[in-house]
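In case you want the letters, here they are:
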Amino acid sequence: MKKIRLAIVEDEAWEAELLAEYISRSQKECSIEAEVQIYGSATDFLEDYHFQYDIVFLDIEMDGINGMEAAVKLREKDSRITLMFVTNMAQYAVKGYEVDAVDFVVKPVSYDAFLFKFHRVLQHVNKRRGKRIVVHSRGDIYGIQSDDLIYVEVSGHNLVYHTRQKDLMVRGALKEAEEQLEEMPFSRCNHCYLVNLEYVEGVEGYMLLLPGGERLQISRSRKTDFLKRYARFMSTGN
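It should be emphasised that the depicted structure is a prediction, and the values quoted were computed from it without experimental measurement. (Residues numbered from 1 in each chain as written. Predicted model: local features only at pLDDT ≥ 70, side-chain atom pairs only at ≥ 80, totals over all residues. Heavy atoms only, no water.)

Right, let's get into the overall build of the protein chain. Assigned secondary structure in the protein chain consists of seven helices and 15 strands. With respect to the principal axes defined by its C-alpha atoms, the protein chain has extents near 55 × 40 × 25 Å. By the burial criterion, 50% of the 238 residues in the protein chain qualify as buried. Across the protein chain, the centroid of the 31 positively charged side chains sits 8 Å from that of the 38 negatively charged ones. (Helix = DSSP H or I, 4+ residues; strand = E, 2+ residues; numbered from the N terminus. Buried < 20%, exposed > 50% of the residue type's maximum accessible area, 1.4 Å probe, protein only. Lys, Arg positive; Asp, Glu negative; His and termini not counted. Charge placed at Lys NZ, Arg CZ, Asp CG, Glu CD.)

It is worth spelling out helix 3 (residues 67-77) at this point. When we look at burial in helix 3, the residues that qualify are Gly 67, Met 68, Ala 70, Ala 71, Leu 74 and Arg 75. Along the axis of helix 3, the buried positions cluster into a sector of 155 degrees, meaning they face one direction only. Regarding helix 3, its N-cap is Asn 66, as a side-chain oxygen of that residue lies 3.0 Å from the backbone nitrogen of Met 68 further along. (Arc of directions from axis to C-beta. Polar contact = N/O pair within 3.5 Å; in protein donor to acceptor, adjacent residues only side chain to side chain.)

Inspection of the secondary structure puts Asp 148 in the loop between strand 7 (140-145) and strand 8 (149-155). Note on Asp 148: relative accessible area 6%, which makes it buried. In this structure the side chain of Asp 148 is engaged in a polar contact, spanning 2.7 Å, whose partner is the side chain of Arg 164.

Attention now moves to the pairing of strand 11 (residues 186-190). With five of its five residues buried, strand 11 lies for the most part within the structure. Note that strand 11 and strand 12 (residues 193-196) share four bridges and pair antiparallel. Paired with Arg 188 across the two strands is Leu 194, which belongs to strand 12. Hairpin connection from strand 11 to strand 12: two residues lie between these consecutive antiparallel strands. (Pairing = 2+ DSSP bridges.)

Moving on: the environment of Phe 233. Position of Phe 233 relative to the elements: it lies in helix 7 (residues 220-236). Sequence separation between Phe 233 and Phe 186 is 47 residues, and the spatial gap between their C-alpha atoms is 9.7 Å.

Take the sheet that holds strand 3 (residues 55-59) next. Taken in spatial order, the five strands of this open sheet run 2-1-3-4-5, and their pairing is parallel. Looking at strand neighbours, the two that pair on one side only are strand 2 (32-39) and strand 5 (103-106), the edges of this open sheet. Averaged over all neighbouring strand pairs, the angle between strand axes comes to 20 degrees, with direction disregarded. In this sheet, strand 3 lies alongside strand 1 (residues 2-9) in parallel orientation, the contact comprising four bridges. When the sheet's bridge partners are listed, Val 9 is paired in strand 3 with Leu 58. The sheet strands contacting helix 1 (residues 13-30) are strand 1, strand 2, strand 3 and strand 4 (82-87), and the helix crosses strand 2 at an angle near 170 degrees. With respect to the sheet, helix 3 is in contact with strand 3 and strand 4, its orientation differing from that of strand 4 by roughly 170 degrees. (Axes fitted to C-alpha atoms, helices over the stretch in contact; angles between N-to-C directions. Contact = heavy atoms within 4.5 Å.)

Our focus in this paragraph is the pattern of salt bridges. In a structure, side chains of opposite charge can pair up when their charged atoms sit close to one another. Applying the stated criterion across every chain yields a total of 13 salt bridges. A salt bridge links Lys 107 to Glu 15; its shortest N-O distance comes to 2.7 Å. In this pair, Lys 107 is assigned in the loop between strand 5 and helix 5 (111-128) and Glu 15 in helix 1, connecting sequence segments 92 residues apart. Neither Lys 107 nor Glu 15 differs from the other in exposure class; each is buried. We note a salt bridge from Lys 175 to Glu 179, for which the minimum N-O separation is 3.9 Å. Residue Lys 175 and its partner Glu 179 are located together in helix 6 (residues 174-180), separated by four residues, close to a single helical turn. Among the ionic contacts, a cluster of salt bridges with common partners joins Arg 5, Asp 54, Asp 148 and Arg 164. (Salt bridge = Lys/Arg side-chain N within 4 Å of Asp/Glu carboxyl O.)

These values are about where atoms sit, not about what they do.
Written out as structure tokens, the structure is:
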């Protein structure tokens, strides 16, 4: 079963619980294992967000920051995450395409309507999940989705795979990791780091900015090539 991480951003508690119930109910027929986190406001969601979800269900009409405003702010951080709007009025959801929302559901949400839309959203997620690689760490075997991998770091004669869930130490060379990920949007910023460009939040001088305030050094010899690769990725997604 595929593991899918979802956030529900909804200020009406009963409606949030209903969506969570639908997601739980759909797991078997969609062949997924779902982890769901509920947020009662867009502010709480944005403050907590650090690339940990695959799908976000956003209510459009909320007090404080509404769903559309939250989507704009979210897109400034993350162009990858799959957005699904939930609304009382379908005409509002049309604006969702401006922030690359995949679809929307109209309240009150029935299970059949939800399931039809959810299948479509999961197809979208599956297309964007990238390549699956296998690594051996401390006698155990792990499968890693390339879009869960933030960067690979050289540590002595080992590699550390920094993923969204955990860090895994693996015996090997960075060139081997490059070969595993050669078709994915990864680039070296120096001889120690192979970085997933999807997680790069910006570049300041010779420092690369990652989620959570983490910063990696860019070497002088690699800066020009790295910036060209990053600019191409930002414009084409590849």
